[in-house]
Amino acid sequence: MRMVCVLSLLLPWSERAFGEVFSDGVRPAQEAQSGPASDPLPSFAPAAPNAPEVIARDEQGRITVRATRITEPLVLDGKLDDPVYSRVKSVSDFIQQEPDEGAPETEKTEAWIFFDDRNLYVSLRCWDSHLERMMANEMRRDHPNIRQDENFSLVLDTYYDRRSGYYFATNPLGAVRDQAIGDEGRNNNLDWNTVWDVKASMDERGWALEMVIPFKSMRYNRVGPQVWSFNLRRTVKWKNETSSLAPLQRARGGRGLFIFSEAATLVGVEIPGSNRNLEVKPYGLSSLTTDRTAEQPFSNHPDADFGFDAKYGLTSGLIGDFTFNTDFAQVEEDQQEVNLTRFSLLFPEKREFFLEGQAIFAFGGGSPGGGGDGLAPIPFFSRRIGLTEEGQDPIRVGGRVAGRAGPFQIGALDIQTRGVADNPLIQATNFSVLRVRRDIFTRGDIGIIGTHRSTSLTEGARSNSLFGADANFAFFQNLNLNASYLTSRTSLEQGGTTGGDHSSYRGNLEYGGDRYGLVLEHIFAGKGFQPELGFLKREAFRRNFLEGRFSPRPRSIDWVRRFVWQGNFDRITDPGGRLETRMVQGLFRTEFENSDQVEVEYTNTFEFLPKEFEIAKDVVLPVGEYGFQDVKLTYTLGAQRTVPGKVSYQKGSFWSGDRDAVTFDGRIQVGSKFSLEPRLSLNWVDLPEGDFNTRLFGARANVTFSPRMALSGYVQYNSKSDSLSSSLRFRWEYQPGSDLFVVYSEGRGGFSEDPLLTNRTLALKFTRLFRF
C-alpha cells in the first residue's frame, strides 16, 4: 500500500520530467526517435564563407576550438536541420590513431559545439562511403558493446587539470554511455551516470547526432568564462579505424583519449550564476522475499521502505552527498566465476552512492572500485560497507564530500550501518575515510589516506584503522612511476594491538610504448597488515615482478595489424624469504586487421602450500611444494562476426595432476533490440587426491526497447557450489536520472539431485531526481 502511494505521487511528474531536468534548456522533438530515420535527413546548407572560424591550429599542432553561443535551444532530434548549422562552420580534419597513425581520416567527420545559459551541445555529422557495412546493434545503457558499433566519444576536462574529466559516447542508434575519468584513464568509473541526452539518425550519407549536457551535470573550478581540455573520437568499425580531433598515440590504444595533456583546448563557454545546485533523489521500494536458509526460514515476506540521496554543490568543484536509509535493490548480482585458486576474487562496486568521485580514493596507482586481480593492497574498497560474508548490513545514514579545490582533490566519507538484530555477526558499524591528493608537476600528485571502522573483522579485536601516503608521476609520453606506504592498527578488546609487522609498501614502474613495454613492481605486506576497510588478496608476502613486451607492426603483411611477444616473471615469498609462488609466462598474440585475435600462452608455475587447501569438495591438497605448467590457446572473434566472442582451450599439469579447460563468451545479436550472451567454463581435473569437474554455464537474454528502457534475464549454474541462480531485471529511465526498476531473483541449491529453492526476491523500486 505504501508503495502504491509513492507511485501515485511520483508518476505524474514524469510527464514533464524531461524539460525540468534539463532546466527547460532544450527542445526535444515531439516525435524524435533513435535509430534509422523513416525519411532521409534534411540537407543543411554549409556555413557561409565569411562565417568566423571556430578552430585554430598552431605551429606545434595544438588545437583550440571556440564554442558558439546560441540564443535558442537546439531541437534535439539528430537531424542537424536547425538554422544555426548554416551560420557556424564545422570542426573537421580528424587524424587517424588506427590503423595509420597520423594520417587523415578516410571517412569525413564534422562537429559543432554550442552552448547557452544551461547546456553544452555537441553535434556530429559522420559521413560514410559504405552504408551497407555500418555496424549498429547495441542500445543498452552503458554497455561496453557500444564500442563494437560505429561510435562517437566526447571527453571533457572541465577542471582543466589535465588529469580527470567526463566521457560521453553514443552510436547511430542513440545509445547512452558515460563514465567519470580519473588519473588519465587509469581509474575510470564505468558505472558513474549523470543527466544528459542524445539523439541520432541515419540517412544515405551516413549518420548524425545531437548531444546535450547540462552544466549542472558537471563540476568545474568556477563559473564564468571556461577553459577546458577536450577531444572528439570517431570509430568506423567496419574499417576498424579510429580517428580523433586532437591526434592520439597508437601506443595508448583506447586510453589515449583520456590523456588530456595532449587533447585540444575548448574556449568560449560561459557558465552564468552560482553552481551551488541541490539534487534530491528519493526512492520507494516494495518487495516480497523468501529465504529458506535463514535461522528461521520464511516465505513471501512483504516489506516496503523509502529513503533518499541528496547532493549539494558546496562550491563549483566540491559536492556534498547525503544518504538516508540507502537501498540497492536495483543492483544486479555479481556474475559467478570458477575459482580454483586459494585467494578471494574481487568484484567491482556498482552502487550509485559510492560512484561519483570514486577516482579520488584511488591509491598508489591502483583502483578503488575493484574489478582487478592484482596483488597491490587497496586501502579503501567501498564494497566493505554494507556487504559482508554473512549478508547485507543495511546503511542507516551517511555523508560524503568529494571534488576538487584548486590543486587539491578531497574525498571524505562517514557512514553508519544498522546491523542485523538477530545476527550477532552483523553489527552496527561506523565507517570513515579521508583522502587528500595534491597535484604536483604537470601530471603527478602526492597524497594521504586514512580509514577507520568501529568494529573489526578480526576475532577478539575492537576496531581497525589505517593510514597511508602515496606519490604518482607520469613522465614523457609513456612512463609512469608509483610509490606508496601503508600501516594499519587493529585494537584488541582487552587492550593493545595485534602483533606482527603492520606495514605495506609498493613501488611500480611502467613504460607503455607501442613497440616496447616494460613493467617493474615490488610489493610487501607484513604479517600484521590488515586493511579491513580495503581489500588484500594475499596476506603476508613480498613480491617481485618483471614484464617485457615487443609488439611490432609488420608492413609486409596486409592482414596483420600487430604481433605481440610478451613475457613475465613473478616471484612471491613470505616475509621471511621462503618461496611461495614463482610464475614464468610467455605469450604470443596476432592482432588481425579485421579485429580478430589469436593468442598462445605458456605458463610454468611453482606453488608452496603452507597449509592444506580444499580445492573442491572432499578433494584436499596436502602441505607441500607443487610444480606444474600448461598451454592456453585463445581466439577472439571480432565485432564484425555473426557471433563475436572469445573461445579458449587450456591443457597441462595442475598441482599434483592434470587439467583440461574450455571457456567461451559470446554474443548472438538479432536486430538492434534482442541479443543472447552465452558463457561457459569447463574444467576437467585429475589429481591423485581425487578427480573432479567444474561446470559454469550462464546465459543472458536482453530485450532493449529504447536506449533508456531494457529487460534482461540471466541464468547461471555453478557445479562447484551446486547452485542455480537466475534473475530478471526491467529498467526504465523514464527521464534522465530517474528510474523504475522491477527485479526478480531466485537461487536454488542441490541442483545435481533435487533443485531446492533457497531464496527468492521480487522487488519494485521507483526513483525520482529533483534538481533545484
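Throughout what follows, the structure given in this document is the object of discussion. (Residues numbered from 1 in each chain as written. Predicted model: local features only at pLDDT ≥ 70, side-chain atom pairs only at ≥ 80, totals over all residues. Heavy atoms only, no water.)

Moving on, we get to the overall build of the protein chain. For the protein chain, the helix and strand inventory stands at two helices and 46 strands. Counting the 772 residues in the protein chain, one finds 55% classified as buried. A fraction of 61% describes how many contacts in the protein chain between residues 6 or more apart in sequence connect residues 24 or more apart. Total accessible area on the protein chain is roughly 33700 Å²; 55% of this is exposed by carbon and sulfur atoms. (Helix = DSSP H or I, 4+ residues; strand = E, 2+ residues; numbered from the N terminus. Buried < 20%, exposed > 50% of the residue type's maximum accessible area, 1.4 Å probe, protein only. Contact = heavy atoms within 4.5 Å. Areas by Shrake-Rupley, 256 points an atom, 1.4 Å probe, with all protein chains shown as cover.)

Now for the pattern of salt bridges. In total, this model carries 48 salt bridges according to the counting rule given. With a closest N to O distance of 3.5 Å, Asp-439 and Arg-163 form a salt bridge. Here Asp-439, found in strand β24 (residues 430-440), pairs with Arg-163, found in the loop between β9 (151-157) and β10 (165-170); they are 276 residues apart in sequence, far enough to count as distant. Given the relative accessible area of 8%, Arg-163 is considered buried. (Salt bridge = Lys/Arg side-chain N within 4 Å of Asp/Glu carboxyl O.)

This brings us to the side chain of Asp-142. Among the secondary structure elements, Asp-142 is positioned in the loop between β8 (119-127) and β9. Given a relative accessible area of 16%, Asp-142 falls into the buried group. When sequence neighbours within four positions are dropped, the list of residues in contact with Asp-142 reads Val-176, Arg-177, Asp-178 and Asn-193.

For the rest of this paragraph, the subject is the environment of Gly-499. Checked against the element boundaries, Gly-499 lands in the loop between β27 (479-492) and β28 (503-512). For Gly-499, a relative accessible area of 56% corresponds to the exposed category. Once the C-alpha coordinates of Gly-499 and Lys-527 are considered, the two residues, 28 residues apart in sequence, prove to be 8.1 Å apart.

This part covers the sheet that holds strand β13 (residues 206-214). Strands sit in the order β4-β7-β8-β13-β12 across an open sheet of five strands; the sheet is mixed. Lying at the two open borders of the sheet, with one neighbouring strand each, are β4 (68-69) and β12 (197-203). Note: strand β7 (residues 109-115) against β8, seven bridges, orientation antiparallel. The residue of β8 that forms the bridge with Ala-111 is Leu-124. (Pairing = 2+ DSSP bridges.)

The subject of this paragraph is the packing of aromatic side chains. Tallied over the full model, the rule gives 25 aromatic pairs. Positioned over the ring face of Phe-654 is Arg-659, at 4.3 Å from the centre of the ring. Residue placement shows Lys-765 over the ring face of Tyr-283; its charged tip is 4.7 Å from the ring centre. (Phe/Tyr/Trp six-rings, centres within 6.5 Å; stacked < 30°, edge-to-face > 60°. Lys NZ or Arg CZ within 6 Å of the ring centre and 35° of its normal.)

On to the environment of Val-397. The topology assignment puts Val-397 in strand β22 (residues 395-405). Taking C-alpha positions, Val-397 is 7.6 Å from Phe-322, a pair spaced 75 residues apart along the chain. When sequence neighbours within four positions are dropped, the list of residues in contact with Val-397 reads Phe-322, Thr-323, Phe-324, Ile-415 and Gln-416.

Summed over the entire model, instances satisfying the criterion amount to seven cavities of 30 Å³ or more. Here the largest cavity is characterised by a volume of approximately 370 Å³. For the largest cavity, the lining is made up of 29 residues, of which Tyr-159, Ser-164, Tyr-166, Gly-357 and Ile-360 are closest to its centre. At the level of secondary structure, the elements contributing two or more residues to the lining of the largest cavity comprise β10, β11 (177-181), β19 (318-324) and β22. In terms of residue count, the dominant contributor to the lining of the largest cavity is β22 (four residues). In terms of residue class, the lining of the largest cavity is built from nine nonpolar, eleven polar and nine charged. (1 Å grid on protein atoms, 1.4 Å probe; cavity = no way out; pocket = protein on both sides within 12 Å on 5 of 7 lines; lining within 4 Å. Points joined across faces, edges and corners; volume = space filled by probe spheres on them. Nonpolar A, V, L, I, M, F, W, Y, C, P; charged D, E, K, R; others polar.)

With that settled, consider a nonpolar patch on the surface. A cluster of nonpolar residues, Tyr-511, Tyr-516, Leu-518, Leu-520, Leu-546, Phe-550, Trp-565, Phe-569 and Val-584, forms a patch on the protein surface that exposes about 770 Å² of accessible area. Put simply, the parts of the chain that give the nonpolar patch at least two residues each are β29 (516-525), β30 (541-550) and β31 (560-573). By residue number, the principal contributor to the nonpolar patch is β29, which donates three residues. Here Leu-546 shows up in strand β30. (Patch = residues over 30% accessible without salt bridge, like charges linked within 9 Å, V, L, I, M, F, W, Y side chains within 5 Å.)

With that out of the way, let us pick up the pairing of strand β38 (residues 657-666). In this sheet, β38 lies alongside strand β37 (residues 645-654) in antiparallel orientation, the contact comprising ten bridges. Considered in β38, the bridge of Lys-646 is made with Asp-665. Here β37 hands over to β38 after two residues, with Trp-655 in that stretch at a positive phi of 50°. With eight bridges connecting them, β38 and strand β40 (residues 674-687) associate as antiparallel partners. When the sheet's bridge partners are listed, Ala-661 is paired in β40 with Asn-683.

With that settled, consider the pairing of β11. Here β11 lies mainly inside the structure; five of its five residues are buried. Burial along β11 is two-sided: the residues Arg-177, Gln-179 and Ile-181 and Asp-178 and Ala-180 are all buried. Relative to β11, β10 is paired through five bridges, and the arrangement is antiparallel. Across the sheet, residue Ala-169 finds its bridge partner in β11, namely Arg-177. Connecting β10 to the next strand, β11, in antiparallel fashion are six residues, including Gly-174 with a positive phi near 80°.

Here we come to unusual backbone geometry. Backbone geometry follows two general trends: most residues other than glycine have a negative phi, and most peptide bonds adopt the trans configuration. Note that the residue after Glu-98, namely Pro-99, is joined by a cis bond; omega there is 0°. Tracing the backbone through its elements, the reader meets Pro-99 in the loop between β6 (95-98) and β7. A positive phi angle, near 55°, is found at Tyr-160, a position not held by glycine. Relative to the helices and strands, Tyr-160 is located in the loop between β9 and β10. The phi dihedral of Glu-184 falls on the positive side, at around 55°, and the residue is not glycine. Note that Glu-184 resides in the loop between β11 and β12. Judged by its relative accessible area of 1%, Glu-184 is buried.

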